[in-house]
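The lines below spell out each chain.
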Number of protein chains: 2
Amino acid sequence: MTENHTSQTQENETLERSVFFISDGTAITAEVLGHAVLSQFPITVTSYTLPFVNSKMRAEEIKTQINAIYLETQLKPLVFYSIISDEVKSIITSSDGFCQDIVQTLVAPLQQEIGLEPKPELHRTHGLSKKNLGQYDARIAAIDYALAHDDGVSLRNLEQAQVIILGVSRCGKTPTSLYLAMQFGIQAANYPFTADDMDNLQLPAALKPFQHKLFGLTISPERLAAIREERRENSRYASLRQCRLELAEVEALFRKNKINYLNTTNYSVEEISTKIIDSMGLKRRMF
Amino acid sequence: MTENHTSQTQENETLERSVFFISDGTAITAEVLGHAVLSQFPITVTSYTLPFVNSKMRAEEIKTQINAIYLETQLKPLVFYSIISDEVKSIITSSDGFCQDIVQTLVAPLQQEIGLEPKPELHRTHGLSKKNLGQYDARIAAIDYALAHDDGVSLRNLEQAQVIILGVSRCGKTPTSLYLAMQFGIQAANYPFTADDMDNLQLPAALKPFQHKLFGLTISPERLAAIREERRENSRYASLRQCRLELAEVEALFRKNKINYLNTTNYSVEEISTKIIDSMGLKRRMF
């Protein structure tokens with residue numbers, strides 16, 4: 001069990017609340033959605049994420065924990081849950097928590113619209129089944145591909161790439177390639193431009209046949225210098241002057257070669273990845 | 001824009017429905033939750049994921065698209081959305097789709113329980129902000145760490161690892177290490193046992209000081225052989241006999257050294273990762 005303290009405000013001690021994310025699966029969806037919901041309230045949260053809750057005994061333990069917090073604080077712990085088994089679920093909902101079923105809340109209204117009974121199965125949003133094993137293997141293959149084609153390590157098999165990400169060192173190429181593979185099963189290669197390339201920067205001949213797959217990343221010189229400084233303190237590599245020079249050269253190359261590019265300074269790897277998918281018209285598979 | 005066809009049943013043509021996942025952010029949460037909800041109905045789905053919808057013009061385009069599908073099929077497209085701007089949101093909800101707000105549906109009941117007004121901001125569940133930049137950098141550092149300590153490449157700085165994953169080649173060590181880093185910011189190293197180690201399999205001396213950080217992965221010999229066959233067809237490496245031998249040796253080592261281990265045959269990388277977090281009592285950070 002994990003206990004996390006997230007301070008969403010420092011205003012007032014009375015605005016503190018305990019929160020449980022409970023699931024018969026990984027609890028990743030409950031956690032992500034619950035955080036999105038809670039971020040709208042000015043409260044301080046102590047959160048407990050409880051995955052793989054699929055026995056009555058485990059549910060009873062959690063109910064005891066929830067009830068003890070209620071007894072102590074006189075405030076209902078907030079519970080976001082997703083559990084298929086009626087027996088296990090009813091134990092959680094009979095606790096003193098304020099319980100919301102993150103999936104069923106949306107299923108009930110749909111039932112009327114679709115005109116069909118829902119058939120709750122142990123759905124395992126983030127699970128493996130015979131049905132999705134082939135897809136899962138493709139996703140693992142995409143991770144292998146990203147690793148084999150990271151940082152220009154190999155320029156072979158680029159015809160298998162769905163996107164080839166270009167940019168200077170530490171602008172976000174590797175995490176983006178890995179996220180595209182991990183979340184969407186997209187085969188992404190990436191290629192770095194280094195300080196040595198800068199004298200006469202050109203698009204490498206090996207990449208030219210794949211012009212339509214190229215996507216550039218750029219970043220503010222200040223943020224790049226800060227990131228590089230973490231890696232090699234007081235180096236030429238991390239100097240603002242060098243960062244400025246490399247970024248100016250590479251951005252000029254992107255423009256000259258009509259390569260779409262994105263400034264990553266204010267974006268997370270999720271945002272960069274989905275913007276690339278959107279911009280390149282790639283298929284967004286779900287796992 | 002991406003169009004996906006997911007056949008959730010092959011029963012009947014009339015059970016087909018168009019679905020939209022719409023967000024002013026990455027649309028990852030809308031997509032994941034929407035799929036979990038829809039998986040409970042025996043329908044065939046054509047889905048459209050539309051991220052970064054944050055202008056009235058873009059919303060009007062989407063409304064036109066939704067209305068056209070309704071006009072053609074006489075069935076309301078199902079819309080799962082998360083949009084903060086009231087102006088943009090009202091355009092979507094005034095369409096002919098059956099619209100559900102994935103976040104606000106859970107916010108409204110909470111408002112009463114907490115007794116505070118929600119303050120919807122452009123929350124960017126998967127976004128970057130000044131508030132979480134430090135956390136984000138830690139996450140990227142965890143990815144760097146996983147790559148630098150993949151497959152026993154480096155046994156230095158193992159004291160910085162939160163977990164060291166052990167197992168034979170292709171049992172899931174690399175994707176698991178990367179997922180732990182990407183999703184949870186956990187620093188995971190991994191170490192492979194190879195065919196050459198099998199004659200006299202022992203825990204490497206370099207790992208012994210970190211006994212409490214070790215976690216083993218195993219897998220069924222049949223699944224391992226199938227995965228290895230993809231990589232090196234008809235090799236000794238991929239033979240069922242070799243897979244059986246390696247797995248038996250490594251599992252014996254796990255037992256002898258009292259190392260917790262997990263059979264990954266039927267688990268996804270999300271499940272393996274969250275089970276490791278649970279079993280090792282690691283802090284589950286949210287990004």
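Numbering of residues starts from 1 in each chain and follows the order in which that chain's sequence is written. Whichever chain is written first is A, and whichever ligand is written first is 1; the rest continue in order. Totals for whole chains, interfaces and linings use every residue, but because this is a predicted model, local features are given only for residues with pLDDT of at least 70 and side-chain atom pairs only at 80 or more, for both listing and counting. The basis for the side-chain values is all heavy atoms of the structure; hydrogens and waters are excluded.

Now for the nonpolar core. In this description, a nonpolar core means a group of buried Ala, Val, Leu, Ile, Met, Phe, Trp, Tyr and Cys residues linked to one another through side-chain atoms lying within 4.5 Å. For every residue, the accessible area (1.4 Å probe, protein chains only) is compared with the maximum for its type, and the residue is labelled buried under 20%, exposed over 50%, or partly exposed between those bounds. In this structure, Leu166 of chain A together with Leu166 of chain B are the most contacted members of the largest nonpolar core, which totals 103 residues. In this structure, Leu15 and Phe80 of chain A together with Val45 and Ile102 of chain B belong to the second largest nonpolar core, which totals 40 residues.

What follows concerns the pairing of strand β6 (residues 163-168) of chain A. All names here are of chain A. For helices the rule is a DSSP run of H or I covering at least 4 residues; for strands it is a run of E covering at least 2, with both sets numbered from the N terminus onward. Of all six residues making up β6, six are buried, and the element is well covered by its neighbours. Pairs of strands are assigned from DSSP output, requiring at least two bridges between the strands. Pairing analysis gives six bridges linking β6 to strand β7 (residues 188-193), with the strands arranged parallel. In the sheet register, isoleucine 165 faces β7, and the bridge partner there is asparagine 190. Handedness rule for crossovers: strands pointing away from the viewer, path from the first strand over the helix to the second running clockwise, crossover right-handed. Handedness of the crossover is the feature at issue here: the chain leaves β6, passes through helix α6 (residues 173-184), returns alongside β7, and the resulting connection is right-handed.

Residue and element names in this part refer to chain B. Taken in spatial order, the four strands of this open sheet run β7-β6-β8-β9, and their pairing is parallel. Two strands lie at the open edges of the sheet, namely β7 (188-193) and β9 (261-263), each paired on one side alone. When strand polarity is set aside, the average angle formed by the axes of neighbouring strands in this sheet is 25°. Of the strand pairs in this sheet, strand β6 (residues 163-168) and strand β8 (residues 214-218) are connected by three bridges, and their pairing is parallel. Angles here are taken between N-to-C directions and fall from 0 to 180 degrees, while the axes themselves are lines fitted to C-alpha atoms, restricted in helices to the stretch in contact.

So, on to the UniProt feature "binding site: ADP" (unreviewed entry) in chain A. Annotation from UniProt places "binding site: ADP" (unreviewed entry) at Gly167, Val168, Ser169, Arg170, Cys171, Gly172, Lys173 and Thr174 of chain A. Position of serine 169 of chain A relative to the elements: it lies in the loop between β6 and α6. We classify serine 169 of chain A as partly exposed; its relative accessible area is 23%. Here a residue-residue contact requires only that any non-hydrogen atoms of the pair lie within 4.5 Å. Excluding its chain neighbours within four sequence positions, the residues that come into contact with serine 169 of chain A are Phe193, Leu224, Arg228 and Tyr237 of chain A. Its location among the elements puts arginine 170 of chain A in the loop between β6 and α6. Filtering out sequence-adjacent residues up to four positions away, arginine 170 of chain A remains in contact with Ile219, Leu224, Ile227, Arg228, Arg231 and Tyr237 of chain A together with Asp144 of chain B. UniProt positions are given in the numbering used here, feature names are shortened, and annotations may be inferred rather than shown by experiment.

Right, let's talk about the packing of aromatic side chains for a bit. Here the aromatic set is Phe, Tyr and Trp, taking the six-membered ring for Trp, and pairing holds for ring centres within 6.5 Å; pairs whose planes are under 30 degrees apart are stacked, those over 60 apart are edge-to-face, and all others are tilted. On inspection of all chains with the given rule, the structure shows 10 aromatic pairs over all chains. Aromatic pair phenylalanine 21 of chain A and phenylalanine 80 of chain A: ring centres 5.9 Å apart, planes at 25°, arrangement stacked. Remark: phenylalanine 80 of chain A occurs in strand β4 (residues 78-82) and phenylalanine 21 of chain A occurs in strand β2 (residues 16-23); sequence separation between them is 59 residues. Geometrically, the ring pair formed by tyrosine 191 of chain B and phenylalanine 193 of chain B is edge-to-face, given 5.7 Å between the ring centres and 75° between the ring planes. Throughout this description, the term charge over a ring refers to an Arg CZ or Lys NZ atom that lies within 6 Å of the ring centre and within 35 degrees of the ring normal. Across the ring face of tyrosine 237 of chain B, the terminal group of arginine 228 of chain B is positioned such that the distance to the ring centre comes to 4.4 Å.

Two copies of a chain can be linked by a rotation about an axis combined with a shift along that same axis. Only residues with pLDDT of at least 70 in both copies count here: their C-alpha atoms drive the least-squares fit that superposes the copies. Mapping chain A onto chain B is achieved by rotating through 180° and translating by 0.0 Å along the same axis, at an RMSD of 0.0 Å. Both copies of the chain, as the preceding transformation shows, are related through a two-fold rotation axis.

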